Amino acid sequence: MNMKRFTLYIMSIAIVAFAFSSCLKDDDNNTVANRVLTQSEKVKSLIESQGAYTGKLYYYNNSSQSDSIDIHWTVSGSDSILTITDFPISAFSNSAYTDATTTDLLKNSPTKELSFTLHGYYNSGFDGGFYSFTLAPNITGVIITPDDEESGKDNTINISYANYLQDYTIYGQTIYTYPICEYFEKKMQGYVLIDKLMVNSNTVNVNKAYYFYGKKD
């Protein structure tokens, strides 16, 4: 698959959900086949991708409208960790149908740190500086402490990530989104896939992709 088709495929959900048409790399070279990266190539991709990023998180709200919010993340080449330092827990309240109490809790929650381990992913653009990774979640639970100490005990939010999401069908072919992250020329994009949340004892079905895009600081 050529580079242009590959990137457009990966970004298909963003195009449909947010009318977002830009991509990291546009290359019509058909001569380079997808291949599995060597260990040294995986290390190189991590080292060149490491740094601090500023960008946006994009997602659907309950009205099927696109929302976005500023976020920041870092990539550490030494331990293969991508850390979103200020993931907006409040975004879950706009992306899930649940009871009013749980929705209010999510809506008023502060940002939290989420981290993922990056694994080098085979691609056809490595030699051109286009790097792909899968995202394996490290943090699956966060604690929300009420601002008012008289409000009672802390609230626990456990996150269940999805391995893939089925998005839509084109000409009879089902399109899937996977937890993949891409880097090219100091820009990065990726997908955090949320299956559901357990907010205290309440299950919140989400089943949505949260798309992030940004540039190195």
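Up top you'll find the structure we're talking about.
Residues numbered from 1 in each chain as written. Predicted model: local features only at pLDDT ≥ 70, side-chain atom pairs only at ≥ 80, totals over all residues. Heavy atoms only, no water.

**Some points on the pattern of salt bridges**
Enumeration according to the criterion identifies 1 salt bridge in this entry. Taking the shortest distance from any N to any O, the salt bridge between Lys 56 and Asp 70 comes out at 2.8 Å. One end of the pair, Lys 56, is in strand β1 (residues 51-60); the other, Asp 70, is in strand β2 (residues 66-76), and 14 residues separate them in sequence. (Salt bridge = Lys/Arg side-chain N within 4 Å of Asp/Glu carboxyl O. Helix = DSSP H or I, 4+ residues; strand = E, 2+ residues; numbered from the N terminus.)

**Comments concerning the packing of aromatic side chains**
Summed over the entire model, instances satisfying the criterion amount to 15 aromatic pairs. Geometrically, the ring pair formed by Phe 126 and Tyr 131 is tilted, given 5.2 Å between the ring centres and 50° between the ring planes. Overall, the relative accessible area of 6% leaves Phe 126 in the buried class. Here Tyr 131 falls in the buried class, since its relative accessible area comes to 2%. Taken together through their ring pairs, the aromatic side chains of Tyr 59, Phe 87, Phe 92 and Tyr 210 make up a single cluster. (Phe/Tyr/Trp six-rings, centres within 6.5 Å; stacked < 30°, edge-to-face > 60°. Buried < 20%, exposed > 50% of the residue type's maximum accessible area, 1.4 Å probe, protein only.)

**A word on the environment of Lys 56**
Under the relative-accessibility criterion, Lys 56 is labelled partly exposed at 31%. Beyond its immediate sequence surroundings of up to four residues, Lys 56 is in contact with Ser 68, Ile 69, Asp 70, Ile 71, Tyr 211, Phe 212 and Tyr 213. A distance of 2.8 Å separates the side chain of Lys 56 from the side chain of Asp 70, its partner in a polar contact. (Contact = heavy atoms within 4.5 Å. Polar contact = N/O pair within 3.5 Å; in protein donor to acceptor, adjacent residues only side chain to side chain.)

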